[in-house]
Amino acid sequence: MASQADSTTQRDEHHDDDAALLAELGYKQELHRRFGAFSNFAVSFSIISVLAGCITSYLIAMNAGGPVAISIGWPVVGFFVVCVALAMAEICSVYPTAGGLYFWAGRLATRGKRQWAWTVGWFNFLGEVAVTTAVDFGAAITWMAFLDLTMGIEVTAVRTFICFVVILVLHGLLNAFGVNLVQMLSTVSAWWHLAGVAVIVLVLAFVPDQHQSASFVFTEFKNETGWGSTPYVFLMGLLMAQYTFTGYDASAHVAEETRNASVAAPKGIVNSVVVSLGAGWVLLLAVTFAVQDWDAARTTDIGLPPAQIFIDAAGSGLGKGLLLICAIAQFFCGMACVTSSSRMSFAFSRDNALPGSRLWSKVNPRTGTPTNSIWLVTVASIILASPSLFSTTAYLAVTSIAVIGLYIAYVTPVLLRRLNPDFRPGRWNLGRWSAPIGWIAIVWVGFIVILFMLPPASPVTVDTFNYAPIAVGVVALFALASWFAGGRKHFMRDVPEGHDTIPPAEIFQ
């Protein structure tokens, strides 16, 4: 009993300290603090989801670089992403708010604070919606592949879209039920991912009669892009890993629901990336070693090369079981995406940024969740995916912001922190490693932003054109135009009804 009482007292103390820090940052405690350190980690880990990103984007690396882009590309990208995560985490420790990136930018900028916050906020918001759309659409593709293999349901664009809508609505409902359910499912998701990777790796290691050689896995180069430059094609293949390593800002967005947030949230950011780096590499190596027929898997009618690899390597029944593990993991991943996106949109609305902010910033007093923001994200994702009914190219165009847009939002506060001599590290910090890690992160993101705006295939046609520059340009122009059209008058100044506090005006002038 004494131990339980001590634990309760400690939780209460953390809650008081967290609420006090949040008040210092200008906000009152509205969301329920039910997340522990593991639950915070689990949300980001579920969004990164190596069983989603690695599986649904495996074809990107198959075409651009082949085995070497998978086996070597993953740890290379992982190293730099860890640097980005470390740099973000140090800032999160000082400013553990649901707004996350845009709030950090506003506090760290030395001039034009509110405009920096506004711009980063729009990149983050639209990036969050885009990645939610991309993850759930990928989940729909995986589930349709599973239904095709098990029930013979023909895969069509309309059926895939219907499956996507059903999955997304379920995620909205699960999030709306309350933070306790989200916490429990996030914990289940984390263990499902870890156990799922272990099961897939063990099956692919011991069941197949033959495996590819180490030489094939670590040195074989494949090029289906049409470009003749080997280094360029290899770099294009890194998109598989870079796309997977997104969404770990979720630990910041649920910081106002996390106990001891100034330590637990930054740890959640870093640990989710580090664990994903290890688990994802083991998974990718297992899948690549288990390939029985590379070309057949790459061009499979199933539309998902890893699914074909599972079946070829482990047999029809067991292969479908492995695909089901991935499909369930992807469902969890999408649920966590809605959680993160809704918290970000809640915070952005609390600062009066989104049209209808009064509605989106409301917190359900019974569940302690921003219910309206949950459904805002759900509906916005459905609208964003609707072009897929008519054109895959159009769908890819609107979701390209998921990688580039999010990483622009990730690294901007890091750059502003390096340029701000008055920054004071929080309880979780990098010490003397802060500057080198921060600059490595900045240079890497600058490199990939340029890289992933280049054409991925040749010849460049309507279907192969890279629409990422257009998507990023549209967001940048929208943020700039909307700032002068009205954002500068009300953002972080006017308080939506129901919110007693707002960041002091002098902080964001």
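Above this text is the structure in question.
Conventions adopted
- Residues numbered from 1 in each chain as written.
- Predicted model: local features only at pLDDT ≥ 70, side-chain atom pairs only at ≥ 80, totals over all residues.
- Heavy atoms only, no water.
- Core = buried A, V, L, I, M, F, W, Y, C linked by side-chain atoms within 4.5 Å.
- Buried < 20%, exposed > 50% of the residue type's maximum accessible area, 1.4 Å probe, protein only.
- Contact = heavy atoms within 4.5 Å.
- Helix = DSSP H or I, 4+ residues; strand = E, 2+ residues; numbered from the N terminus.
- Salt bridge = Lys/Arg side-chain N within 4 Å of Asp/Glu carboxyl O.
- Axes fitted to C-alpha atoms, helices over the stretch in contact; angles between N-to-C directions.
- Parallel < 35°, antiparallel > 145°, perpendicular 65-115°, else oblique.
- Left-handed = near helix turned anticlockwise from the far one by under 90°.
- Nonpolar A, V, L, I, M, F, W, Y, C, P; charged D, E, K, R; others polar.

Novice: What should I look at first to understand the nonpolar core in this one?
Specialist: Soluble globular proteins tend to pack their nonpolar side chains together in the buried interior. Membership of the largest hydrophobic core comes to 145 residues, with the highest contact counts inside it found for Y102, W104, Y248 and Y407. Those residues within four positions of Y102 in sequence are excluded, and the remaining contacts are Y27, A117, V120, G121, M344, A347, F348, D351, F491 and M492. In this structure, F161, L174, L185 and I374 belong to the second largest nonpolar core, which totals 17 residues.

Novice: I tried to follow the environment of G319 on my own but got confused; where do I start?
Specialist: Along the chain, G319 falls in helix α18 (residues 316-350). Taking the C-alpha atoms as reference, G319 lies 9.2 Å from V203; in sequence the two are 116 residues apart. Not counting chain neighbours up to four residues away, the residues in contact with G319 comprise F310, I311 and A314.

Novice: Teacher, can you tell me more about unusual backbone geometry here?
Specialist: Most peptide bonds are trans, and most residues other than glycine sit at a negative phi. The amide bond that connects S458 to the next residue, P459, takes the cis arrangement and shows omega of 0 degrees. The residue P459 is located in the loop between α23 (434-451) and α24 (468-490) in this model. Positive phi, normally seen in glycine, also occurs at S49, with a value near 45 degrees. Topologically, S49 is positioned in the loop between α2 (37-48) and α3 (50-56). Take S49: its relative accessible area is 0%, and that puts it in the buried class.

Novice: Please explain the environment of M453 as it appears in this structure.
Specialist: Along the polypeptide, M453 turns up in the loop between α23 and α24. On the accessibility criterion, M453 (25% relative accessible area) is partly exposed. In this structure, the C-alpha to C-alpha distance between M453 and G106, residues 347 residues apart in sequence, is 27 Å. Apart from the residues lying within four places of it in its own chain, the contact partners of M453 are I404, N466, P469 and V472.

Novice: Looking at this model, I keep getting lost on the pattern of salt bridges. Mind explaining?
Specialist: A side chain of one charge can pair with a side chain of the opposite charge if their charged atoms are brought near each other. Throughout the structure, instances matching the rule amount to 6 salt bridges. The shortest N-O distance in the salt bridge between E257 and R343 comes to 2.9 Å. One end of the pair, E257, is in the loop between α14 (250-253) and α15 (261-289); the other, R343, is in helix α18, and 86 residues separate them in sequence. Using a relative accessible area of 0% as the deciding quantity, one classes R343 as buried.

Novice: Looking at this structure, how should I read the packing of helix α6 (residues 73-94) against α23?
Specialist: Geometrically, a packed helix pair is captured by the angle between its two axes and the distance between the axes. Taken N-terminus to C-terminus, the directions of α6 and α23 make an angle of 120 degrees; their axes are 8 Å apart at the nearest point. Relative to α23, the element α6 lies oblique. Between α6 and α23 the crossing geometry is left-handed. The residues of α23 that touch α6, namely those facing V77, F80, C83, V84, L86, A87 and E90, are S434, I437, G438, I440, A441, W444 and V445. Class assignment for the residues of the contact of α6 with α23 results in 11 nonpolar, 2 polar and 1 charged.

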